Amino acid sequence: MNQISLDDLQVEYLRKSHDVSSFLCTDDDLNDFLKSDAKKSQDELISITYLCLWQTKILGYLTLVTDTIEVKLIEMTDGVDSFPYARYPAVKIARLAVDERFEGFGIGRFLLFWATGKVYQLSKEVGCRYITLDSKRESIGFYEKFGFKVIERYKNRAFPPMYFNMYPIVVQMRQDNSNDY
Amino acid sequence: MARPIELGLILEGEDAEEFLEDLKNPKKPTEEQMAMFREAIRICKEHPVS
């Protein structure tokens, strides 16, 4: 197959008109979700699914949903000390999959980066500091490099949950007078 | 039907302590993390949803 230029990728909302029947990744559950549940979940305002297309082919998809991170400590009381909240706002990358015929082209990386940029954009409209996801075991190292943290208590799960705090990066960007500020 | 989306990440014990420590004293991101985040913003801007 010819090289795919990431510049040529398009991102589209999942619509009824999209034919997702031929999408095939290595995880049956991710195939099932796209083919059977994603549109219904979207129609019910539970999640939004974005397709990654090249020409007319669906190379991958991701699903976003609002989430929270709840902190439970025995000695913690709401409104005390410097932690006024027991829960913190997040957006979860609930699903992220690449068609197995297009693995090795950087599509997964593209989708993660696109999702992160999207959550950052959303954080300017609605308060949101964290990104959460449930990682495949083999992807944990990559997410950690990006800044995600794995939850020790759940690290033996099939899909260990991870979170990423955007705030220190945003603070640094403000200090650097990034064009985005 | 696929497994349902799990919502609500709960942190307890050491995970909760680490989270709160990160709130109090956030670590400065590495140059690599800054570069990746900037690239993420660029990718999203250059690929608007249609």
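Treat the numbers as computed from the prediction; the structure is a model and nothing was measured. (Residues numbered from 1 in each chain as written. Chains lettered and ligands numbered in written order. Predicted model: local features only at pLDDT ≥ 70, side-chain atom pairs only at ≥ 80, totals over all residues. Heavy atoms only, no water.)

Participant: What should I look at first to understand the overall build of chain A in this one?
Facilitator: When its secondary structure is counted, chain A shows four helices and seven strands. Listed by position from the N terminus, the elements making up chain A come as β-α-β-β-β-α-β-α-β-β-α. Its C-alpha radius of gyration of 18 Å places chain A within 12% of the 16 Å reference for a compact globule of 181 residues. Overall size of chain A, expressed as C-alpha extent along the three principal axes, is 55 × 40 × 30 Å. For chain A, the residues scored as buried account for 52% of the 181 residues in total. Of the contacts formed within chain A by residues at least 6 apart in sequence, a portion of 63% connects residues at least 24 apart. Accessible surface, chain A: about 9300 Å² in total, of which carbon and sulfur atoms supply 48%. Taken as two groups, the 23 positive and 26 negative side-chain charges of chain A have centres that lie 1 Å from each other. (Helix = DSSP H or I, 4+ residues; strand = E, 2+ residues; numbered from the N terminus. Rg over C-alpha atoms; globule rule 2.2 N^0.38 Å. Buried < 20%, exposed > 50% of the residue type's maximum accessible area, 1.4 Å probe, protein only. Contact = heavy atoms within 4.5 Å. Areas by Shrake-Rupley, 256 points an atom, 1.4 Å probe, with all protein chains shown as cover. Lys, Arg positive; Asp, Glu negative; His and termini not counted. Charge placed at Lys NZ, Arg CZ, Asp CG, Glu CD.)

Participant: I would appreciate a short explanation of the overall build of chain B in the present structure.
Facilitator: Counting its regular elements, chain B contains two helices and one strand. Its C-alpha atoms give chain B a radius of gyration of 17 Å, more than 25% over the compact-globule value 10 Å for 50 residues. Oriented by its inertia axes, the alpha-carbon framework of chain B measures out at about 40 × 40 × 15 Å. For chain B, the computed accessible surface area is about 3000 Å², with 51% contributed by carbon and sulfur atoms. Within chain B, the 12 negative side-chain charges are centred at a point lying 9 Å from the centre of the 7 positive side-chain charges.

Participant: How should I be thinking about the nonpolar core in this particular structure?
Facilitator: Soluble globular proteins tend to pack their nonpolar side chains together in the buried interior. Residues and elements named next belong to chain A. Leu 112 and Phe 148 are the most contacted members of the largest nonpolar core, which has 45 residues in total. Here this core gets nine residues from one element, more than from any other, and that element is helix α2 (residues 107-123). Not counting residues up to four positions away in its chain, the partners in contact with Phe 148 are Leu 112, Ile 131, Leu 133, Tyr 143, Met 162, Tyr 163 and Phe 164. (Core = buried A, V, L, I, M, F, W, Y, C linked by side-chain atoms within 4.5 Å.)

Participant: What's the story with the environment of Asp134(A) in this structure? I'm lost.
Facilitator: Residue and element names in this part refer to chain A. Take Asp 134: it is sitting in strand β5 (residues 130-134). Considering only alpha carbons, one finds Asp 134 and Val 150, 16 residues apart in sequence, at a separation of 9.3 Å. Beyond its immediate stretch of four places on either side in the chain, Asp 134 contacts Lys 92, Ile 93, Phe 159, Pro 160 and Pro 161.

Participant: Would you mind going over the interface of chain A and chain B with me for this structure?
Facilitator: Interface size is often expressed as the accessible area that is lost when the parts come together. Taken together, the contacts link 66 residues of chain A with 42 residues of chain B. Carbon and sulfur atoms make up 62% of the area that chain A and chain B hide from each other, which totals about 5000 Å². Where chain A packs against chain B, one counts eight salt bridges. The salt bridge involving Arg38(B) is made with Asp176(A); its shortest N-O contact spans 3.2 Å. Across the chain A-chain B interface, the total number found is 20 residue pairs in polar contact (both at pLDDT 80 or more). Among the residues forming the side of chain A that touches chain B, the class breakdown is 32 nonpolar, 12 polar and 22 charged. Sheet topology note: the strand β3 (residues 57-72) of chain A/strand β1 (residues 9-12) of chain B ladder contains four bridges and is parallel. Bridge assignment links Lys72(A) to a residue of β1(B), and that residue is Glu12(B). (Buried area = accessible area lost by both parts, 1.4 Å probe. Salt bridge = Lys/Arg side-chain N within 4 Å of Asp/Glu carboxyl O. Polar contact = N/O pair within 3.5 Å; in protein donor to acceptor, adjacent residues only side chain to side chain. Nonpolar A, V, L, I, M, F, W, Y, C, P; charged D, E, K, R; others polar. Pairing = 2+ DSSP bridges.)

Participant: Teacher, can you tell me more about the state of the cysteines here?
Facilitator: Here a disulfide denotes one covalent bond, and it connects the sulfur atoms of two cysteines. Taken as a whole and judged by the stated rule, the model has zero disulfides over all chains. Sulfur of Cys128(A): no disulfide; nearest cysteine sulfur belongs to Cys44(B) and is 13 Å away. For Cys128(A), a relative accessible area of 14% translates into the label buried. (Disulfide = S-S within 2.5 Å.)

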